[in-house]
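Commentary on secondary and tertiary structure
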Amino acid sequence: MSRITKSLSLLACLTLSAYGFAGCGASGSRDGGSTTAGVTTQTQNAGDPAIVLNVAGTGSGTITFDPPSATGRWPAGTSLTLTATPDPGSTFSQWGGDLAGNSAFSLSLVLQNDLTLAPEFVEVAAGTPVAEFTSALTQGIGPLTVSFQDASTATPTGWTWDFGDGTQDTAQNPSHTYAQPGSYTVTLRAENANGMGTPAVKAGFVYVARPDEGSPFWYEGDRYGNAFKQNDATQAALAQQVLDLVNQERQSVGAPPLQLDAEAERAAKVHSEDMLGRNFFDHVSPEGWDPSARLQMTGASGYSGFGENIALGQQTPAAVMTAWMNSPGHRANILNPSFTHLGVGIATGPRWTQVFLTR
């Protein structure tokens, strides 16, 4: 991949090659009420969100819900408070914190979709670790590999990871691949010579998107079923001008004209919007989603090859086409005789994305 700075504008292009992605110029073709320690309660109801509670440990206590639900189901958007009450005199770990004593502690959340929580009632000894962990990458399409970094205190010598999908690991800094879409609660327990310490329990820490889901910035509101963004009337007119200019350049070298393609345009538009929404400029999103993944997510099919040009800052179709044509890699995509279709997506900035397809 290359980036070229020209008159405060940026360019980048990508073409699928037989050996992967190459730089510019490459060629190729939940139950309500209360629950006690040691009990796992779970409902799987269609429609409204359900709470799935996984309660474990050697201590005891109760968890209550406000508002309550006899069925364990609540309407989406419900502001729900979970209150955990330890037995008097016990040492209590609640929502991953180390709390001793006799009072109740609460966690409030707004239900967006099916949700799994993992409250812990555990007895911990003095001098044991307080577990903590981080990860630079926690969301993306599956299969998603997440690398975890231990950040526990008190110098642990042993680690037990529960990745939330039925698998565990005892490495200090493991990597784990999530194969199935879903939201995963990750738990780390750390120990040293004094025993097992306070666990770190992070509900929904990993999110694996469905292939058709994509980034929240690609949609009008959120990632749960809303429509893909589309070029507005002004942007559609600019996109048509870009297509016309592309075909003029192709005609000058004897290449067949490109046809406007709705699936290519959709993939181009969502990438321009994603770059705008999260303020990045690259063929690869922060989650690692490349053009191939975007085409898959946005439902494109029936193509045997593709290319992508992006640009930032040019104010007119003529300006962005001049910049692309002055760059060998971008020019190669525009004039590639194997491409048959084109989509152009435009977002504020302006941000320009061309997606070329071979059909």
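Residues numbered from 1 in each chain as written. Predicted model: local features only at pLDDT ≥ 70, side-chain atom pairs only at ≥ 80, totals over all residues. Heavy atoms only, no water.

On to the confidence of the model for the protein. Here the protein shows a mean pLDDT of 76. Residues at 70 or above account for 69%. A low-confidence stretch, residues 1-9 stays under pLDDT 50, and its non-local contacts, those more than four residues away or across chains, total 24 contacts. Per-residue pLDDT stays below 50 along residues 96-102; that stretch engages in 24 contacts with residues further than four places along the chain or on separate chains. (pLDDT = per-residue confidence, 0-100. Contact = heavy atoms within 4.5 Å.)

Here we take up the side chain of N336. Within the secondary structure, N336 is located in the loop between α5 (328-335) and β25 (341-347). Only 2.7 Å separates the side chain of N336 from the side chain of S338, close enough to count as a polar contact. (Helix = DSSP H or I, 4+ residues; strand = E, 2+ residues; numbered from the N terminus. Polar contact = N/O pair within 3.5 Å; in protein donor to acceptor, adjacent residues only side chain to side chain.)

What follows covers the packing of helix α4 (residues 317-325) against α5. Helix-helix packing: each pair is described by the crossing angle between the helix axes and the interaxial distance. At a minimum axis separation of 6 Å, α4 and α5 run at an interaxial angle of 105°. Between α4 and α5, the angle is such that the two are roughly perpendicular. Contact residues: M321, W324 and M325 in α4; H330, R331, I334 and L335 in α5. (Axes fitted to C-alpha atoms, helices over the stretch in contact; angles between N-to-C directions. Parallel < 35°, antiparallel > 145°, perpendicular 65-115°, else oblique.)

It is worth spelling out the pattern of salt bridges at this point. One pass over the structure, following the stated rule, counts seven salt bridges. Between K202 and E132 there is a salt bridge whose closest N-O contact spans 2.6 Å. Separated by 70 residues along the polypeptide, K202 in strand β22 (residues 200-209) and E132 in the loop between β12 (115-117) and β13 (133-134) bring together distant segments of the chain. With a relative accessible area of 22%, K202 lands in the partly exposed category. In this structure, a network of salt bridges that share partners links the residues K229, K269 and E273. (Salt bridge = Lys/Arg side-chain N within 4 Å of Asp/Glu carboxyl O. Buried < 20%, exposed > 50% of the residue type's maximum accessible area, 1.4 Å probe, protein only.)

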